[in-house]
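Topology and contacts: notes
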Amino acid sequence: MTLALDFISPTPASAPDRVTLFVDVILPLPLPRLYTYRVPFELNDNVVIGGRVIVQFGAKKTLSCIVAAVHETPPANYQAKYILEFIDDAPVVTQPQLKLFRWMADYYLCTLGEVINAALPAALKLSSESRIQLHPGFAREDNEYPLTPQEGIIVDALGTVSDGKALTFTEVGDLLGIASFHKVIKSLMHKDVIFLFEHTADKYAPKVLKKVRLAHRYVSAGALEELFNVLGSKPKQLDALLHYLQRVPVVQNEHANHAGLEKAALTSSPRLSASAVNTLIKNGVLEQFDQIVSRFPMDDGTATQPNFDLTAAQLAARDEIMTHFGARDIALLHGVTGSGKTEIYIDLIQQALAGGGQVLYLLPEIALTAQIVTRLLRVFGARLGVYHSKFSDNERVEVWNGVLGGRFQVVVGVRSAVFLPFDNLALIIVDEEHESSYKQYDPAPRYNAREVALMMGSFQGAKVLLGSATPAVETYYQARQGRYGLVTLSKRFGEAGMPDVELVDTRKAREQKTMHNHFSAELLGEIERKLGAQEQVILFQNRRGYSPVVACDDCGWIPKCANCAVSLSYHKHSHELRCHYCGYHESMVVKCPACGSRAVKTVGFGTEKIEDDLKIMLPQANVQRMDLDTTRAKNSYQQIISDFEKQNTNVLVGTQMVTKGLDFANVSLVGIINADSIIHYPDFRAHERAYQMFVQVSGRAGRKGKKGKVLIQTADPTQVIFDKVMRNDYEEFYNYEITQRHEHGYPPFTRIIKMTVKHVEQGVGEKAAILLAQELVERLGAGAVLGPEAPYIFRIRNFFLQEITIKLERAHTVLRHAKEQIGAAMDVVRDQKEFKQARLVADVDPM
Ligand code: ADP
Ligand code: ZN
Ligand code: ZN
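Everything in this summary refers to the structure shown in the same document.

Calculation notes
Per chain, the residues get numbers from 1 upward, laid out in the order the sequence is written. Working convention: letters from A go to chains and numbers from 1 go to ligands, in the order in which they are written. Local features in a predicted model are, by the rule used here, given only for residues with pLDDT of at least 70; side-chain atom pairs are given and counted only at 80 or more, and totals for whole chains, interfaces and linings are based on all residues. Hydrogens are left out, water is left out, and the side-chain values use all remaining heavy atoms of the structure. The numbering of helices and of strands both runs from the N terminus, where a helix is a DSSP run of H or I of at least 4 residues and a strand a run of E of at least 2. In this analysis, two residues are considered to be in contact whenever any of their non-hydrogen atoms come within 4.5 Å of each other. The classification of residues rests on relative accessible area computed with a 1.4 Å probe and restricted to protein chains. Under 20% of the type maximum is buried, over 50% is exposed, and intermediate values are partly exposed. Working definition: residue near molecule or strand if any one of its non-hydrogen atoms lies within 4 Å of it. Here a polar contact is taken to be a pair of N or O atoms separated by no more than 3.5 Å, where protein atoms must pair a possible hydrogen donor with a possible acceptor and residues adjacent in sequence count only if both atoms sit in side chains. Reported accessibility uses the Shrake-Rupley method at a 1.4 Å probe radius. Residues are deemed covered only where the shown protein chains occlude them. Residues are grouped as follows: nonpolar covers Ala, Val, Leu, Ile, Met, Phe, Trp, Tyr, Cys and Pro; charged covers Asp, Glu, Lys and Arg; every other residue, Gly included, is treated as polar. All the domain ranges listed were derived from an automatic or database domain assignment. Note: metal donors comprise N, O and S atoms at 2.8 Å or less from the metal (3.2 Å for Na, K and Ca); water molecules are not included, so apparent gaps in a site are possible. In this scheme the shape depends on donor count and angles: four donors with every angle between 85 and 135 degrees give tetrahedral, four or six donors with opposite pairs above 155 degrees and others between 65 and 115 give square planar or octahedral in turn, and any other case is irregular.

**Quick notes on unusual backbone geometry**
Here the residue pair Asp442 and Pro443 is connected by a cis peptide bond, since its omega of -5° sits within 30 degrees of zero. Along the chain, Pro443 falls in the loop between β16 (425–431) and α15 (449–460). For the bond from Gly787 to Pro788, the omega torsion is 10°, close enough to zero to count as cis. Positioned with a positive phi, Asn517 is a non-glycine residue whose angle comes to about 50°. Relative to the elements of secondary structure, Asn517 occurs in the loop between α17 (506–511) and α18 (521–532). Even without being a glycine, Gln534 presents a positive backbone phi close to 65°. Among the structural elements, Gln534 can be located in the loop between α18 and β20 (536–540).

**Quick word on the environment of Asp431**
Turning to its location among the elements, Asp431 is positioned in strand β16. Taking the C-alpha atoms as reference points, Asp431 and Ala469, 38 residues apart in sequence, are found 9.7 Å from one another. Not counting residues within four places of it along the chain, the set of residues in contact with Asp431 comprises Lys341, Tyr345, Tyr361, Leu362, Leu363, Pro364, Tyr438 and Gly467.

**Comments concerning the side chain of Arg450**
Here Arg450 shows up in helix α15. Classification of Arg450 by relative accessible area gives buried; the value is 7%. Among all residues touching Arg450, those that are not within four sequence positions of it are Val430, Glu433, His434, Tyr438, Leu466, Ala472 and Thr475.

**Some thoughts on the site of ligand 1**
What surrounds ligand 1 is a group of 17 residues, the closest being Asp309, Gln314, Gly338, Thr342 and Asp663. Within the backbone of Asp309, a nitrogen or oxygen atom sits 2.8 Å from a nitrogen atom of ligand 1. Alone, ligand 1 offers 560 Å² of accessible surface; in the complex the protein occludes 85% of this. A total of 3 residues in the shell around ligand 1 trace back to one element, the largest contributor, which is helix α12 (residues 341–354). Per-class residue counts for the shell around ligand 1 are 4 nonpolar, 7 polar and 6 charged. Residue assignment places the shell around ligand 1 across two domains, with domain 4 (309–489) and domain 5 (500–546 + 605–740) each supplying three or more.

**Comments concerning the coordination of the zinc ion (ligand 2)**
At the metal site, the zinc ion (ligand 2) is ligated by Cys552 (SG), Cys555 (SG), Cys592 (SG) and Cys595 (SG), and these contacts range over 2.3 to 2.4 Å. With 4 donor atoms in place around the zinc ion (ligand 2) and angles of 106 to 112° between them, the coordination shape is tetrahedral. Along the chain, the residues that donate to the zinc ion (ligand 2) are spaced as C-x2-C-x36-C-x2-C. With Cys552 in strand β21 (residues 549–552) and Cys595 in the loop between β24 (585–587) and β25 (600–603), the pair connects residues that are 43 residues apart, well separated along the chain. Among the residues examined, Cys552 registers a relative accessible area of 4% and is labelled buried. Overall, Cys595 belongs to the partly exposed group, its relative accessible area being 41%.

In short, shape yes, function no, at least from these values alone.
Next comes the structure, spelled out in structure tokens:
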């Protein structure tokens, strides 16, 4: 079956006879092929490629899918079912997207359905399991669009926002008495009246703020005076009213009164009587109302600031980039931390917009903060869309539709923003292109947004700019080979110089007994000095929790996860043992279950322990921690950063999160608590990653004028990598690393595909992996296939793992052939009855 992607007009202009049309649809499921459905004749004109239709799939389930092609050929081996309903009059997925999605499925060895499933925000995926709820911002009286009678029926049934009531699709169908109700749902979603969710967990619990305001009829000097007279004998009520009037300039600014005041500001004030406030409400003096609080506070979206003037060095870099773009489509901006790459991006974005094109600005998950969004909103205003993984589906659909409809010409977003429906991209920026968070590990598609961006650029004729202070070795290699233009910016903005990097030998310090817990005397002394000078400190520890391992001192027993082959980490704050792979947790043990001893001790240390130690040693310091555990809630990350920015916090202790793109003016010391665990990671990219981490976290020091300092604690200061970090010479690091890669045949000289076989039964999994390896060897040659072997962590979430590594030459023809062969080998295993329960996963370009 082929996809007729360029097929535009399904019906011949003067069809004399009834034409029976069929459509091939992409179901958002991991199905190996597209399914064909039949179009009811009277709906022939409704077919839109890239639009959604509702189909029956399986016995009971109905769901929406995307039309990929239209033709007149019935399927050969099954009876095509009819399309149940057409939802869209215009595509929700554009032609360039379909092309890109097909490439992704192909390249990353997964199905088109899996790509579509990852790409579409849940709210664009309708199924009989979907449910609807009133949108938290919906107020029936001041709705901008009138409701149709059918829509009114549904809204009535949903009650009010604070009811939080939900309806299933079946109930919606029953209410309206029709089967084709999906268009009504779509219209309600479009009008922001409802939103959609699939799993009960996603149901939105609106955060409602109870507020009060002065009733409209009292909003004038005269009316107020009369009110004072009436309340003259009721001092408590008068007090409450005066308090309100002090806070809200009612007469001068009617909007201020309309916005009102949080009720709690009155009722919880110790000087006021809560019952007096309630009496004022009861008597209609104050009016009580609910305000739904936004979950991601942002600017109002008006552009208020032009970009900064670029410095001479930045201008030169920008012009060099433009020159490269004259001759090639891809350029790498290698600019040291703090060189002002963002300002160059903004300038280039402005030019691309002026030319009428769209722009996609990709940032790693963690670097997309309020800091950068605010900065961009000031320059681009309402033209800027933001796409973040912590957004609700509703917010995602808004961005999706905003791109489709042309409201957003620039989008700043995380890796999944490559799925957005652009069709006229002029420029794609991939900032911090070396970041591993551009790679999606699980589930399929296991894509790298940087690679997808490059392909997207080539499909849409857009220029792609990769930016980093520590480019990926593979990227730098391409630049050196002349495939990407290379532009270097080696000076920081303003007076800021690069920080001094010093090593502290912890082995020696331990021998001399000068370590305080995990702090050397040097580090501790330096922290104290910086705090004394009112400067701030960042401490980096690449491990969260309190302590990675707990062990019995008497018998050596170590608590292990019930589902994974890993030991549990101790988290002091919650007094729990946690698995970092599956989330399993239990209470900390007091007594060793093996020998009964009470000498169960913590070994090693994580961020929580560092935070704790520091608070004890430097009680005057205000210490905060930033890691996965402290940033789970939607805005907690922003909160921690904002506290640090405002200098409410003196020391920020964190995992990799503190290394990413943050720009703080007052940080003059960065401490790396334990460099060794990062360097000794069993992976060919360990050195690259260590280098990047050290340089990036060092880059947070000394940004505005002050000279920064970096202290790296290590048990072995002679390791090569330190030399490269201290000399701050990327080229030198690269030359060293690329030689290693060449010698050992690693990327960029080869391509790697990692196969994982998962099974709940260890023996069966092993057998399946052996068969897969044999099939691969037969097809690709023994030299290309390594394994199978059990990975270091050989069991996760109850599945036993076996890995096979495939190493291929880089040529495209080799790759294409190899992928076909890998697919065939996987099919052989899947077709064996005894391996029915085995899960086979292919990860192309794993990181
Ligand atoms: P990078 O992304 O290269 O690490 P940033 O873009 O964060 O660097 O810039 C570092 C700091 O210097 C930021 O606070 C930024 O606002 C400031 N800056 C950079 N260039 C300029 C400029 N031309 N004018 C004013 N401020 C600038
Ligand atoms: Zn024991
Ligand atoms: Zn686990």
